[in-house]
Amino acid sequence: GLTYLAHDVNLELTVALKEYYPGDLATRSADCSVHVRAAEGTAQFTWGLERFLDEARALASFRHSNIVRVLRYFKENGTAYIVMEYETGDPLKRWLARRSSLNQQDLLNIVYPLMDGLEAVHRLKFLHRDIKPDNIYIRADGSPVLLDFGAARRVTADRDMTNIISPGFAPFEQYHSQGNQGPWTDIYSLGAVMYWMVTGHKPLESAS
């Protein structure tokens, strides 16, 4: 999809507006409406749209200072949008690159708040499933926030999960749809981020 910097005229607030727009399936008309390029892509577009709205519903239920906050979501222009608080700061990669060194306390100041946020997510029976440096942001006050719940899913006993893979950060159970995924799945990925922060290298892929 696409993310826009926007202004909410009701709340008088700068926001991030995330639009569902799979470029390989969709096209935009002059009136800004979104359409499927070809009829054979309709089912895939609709399936993705529902997953996008699942993300919105999941995020809207979370209230934690270290989890990106959703203010609202809606359908419009033949697609859907998520309105989120706009976070100022740096992606974790840029934040880390600006530091001359990293000590244990610096590491824990990032990891502990993220673990608290994940606990809130897991308490509601959701998994993030895509924790990696690109999805962690460091605010101007130094606090971390976990972004991008596009791969998030509610844990159910009778439902397979799509295999979302970020090489080096995904645990082995994410390599096929019937892998035993749970809170430990996110903990592995956060541990992989810690390894990357300390060593400067991605861990070996878990399947290797």
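Refer to the structure presented above.
Keep in mind the model is a prediction, meaning the values are calculated, not measured.

Thoughts on the packing of aromatic side chains
Part 1 of the reasoning: A complete count under the given rule lists four aromatic pairs for this structure.
Part 2 of the reasoning: On the basis of an interplanar angle of 20° and a centroid distance of 5.2 Å, the ring pair of Phe-74 and Tyr-81 is categorised as stacked.
Part 3 of the reasoning: The exposure class assigned to Tyr-81 is buried, which follows from its relative accessible area of 6%.
Part 4 of the reasoning: Judged by centre distance (6.4 Å) and plane angle (20°), the ring pair of Phe-172 and Tyr-175 falls under stacked.
Part 5 of the reasoning: A relative accessible area of 24% means that Tyr-175 is categorised as partly exposed.
Part 6 of the reasoning: A connected cluster of aromatic rings, assembled from ring pairs, spans Tyr-20, Phe-45 and Phe-52.

With respect to the sheet that holds strand β10 (residues 144-146)
Part 1 of the reasoning: Taken together, three strands build an open sheet; the order of strands is β7-β9-β10 and the sheet is antiparallel. Looking at the sheet topology across the chains shown, the edges are occupied by β7 (89-91) and β10. Adjacent strand axes in the sheet meet at a mean angle of 30° when their direction is disregarded.
Part 2 of the reasoning: Packing of helix α3 (residues 104-123) onto the sheet brings it into contact with β9 (136-139) and β10, and relative to β10 it is tilted by some 35°.

So, the pairing of strand β5 (residues 70-76)
Part 1 of the reasoning: Bridging between β5 and strand β6 (residues 79-85) involves six bridges; their strand directions are antiparallel. Across the sheet, residue Glu-76 finds its bridge partner in β6, namely Thr-79.
Part 2 of the reasoning: A loop of two residues connects β5 with β6, the two strands running antiparallel in sequence, and Asn-77 in this loop sits at a positive phi of about 60°.

Looking at α3
Part 1 of the reasoning: Its 20 residues place the ends of α3 28 Å apart at the C-alpha level, agreeing with the 28 Å of an ideal helix rising 1.5 Å per residue.
Part 2 of the reasoning: The inward-facing, buried residues of α3 contact α2 (92-97), β8 (126-127), β9, β10 and α4 (183-199).
Part 3 of the reasoning: With a side-chain oxygen lying 3.1 Å from the backbone nitrogen of Gln-105, the N-terminal cap of α3 falls on Asn-103.
Part 4 of the reasoning: In the segment just after α3, Lys-125 is the residue with positive phi, at about 65°.

So, how was this worked out
- Residues numbered from 1 in each chain as written.
- Predicted model: local features only at pLDDT ≥ 70, side-chain atom pairs only at ≥ 80, totals over all residues.
- Heavy atoms only, no water.
- Phe/Tyr/Trp six-rings, centres within 6.5 Å; stacked < 30°, edge-to-face > 60°.
- Buried < 20%, exposed > 50% of the residue type's maximum accessible area, 1.4 Å probe, protein only.
- Pairing = 2+ DSSP bridges.
- Helix = DSSP H or I, 4+ residues; strand = E, 2+ residues; numbered from the N terminus.
- Axes fitted to C-alpha atoms, helices over the stretch in contact; angles between N-to-C directions.
- Contact = heavy atoms within 4.5 Å.
- Expected span 1.5 Å × (residues − 1).
- Polar contact = N/O pair within 3.5 Å; in protein donor to acceptor, adjacent residues only side chain to side chain.

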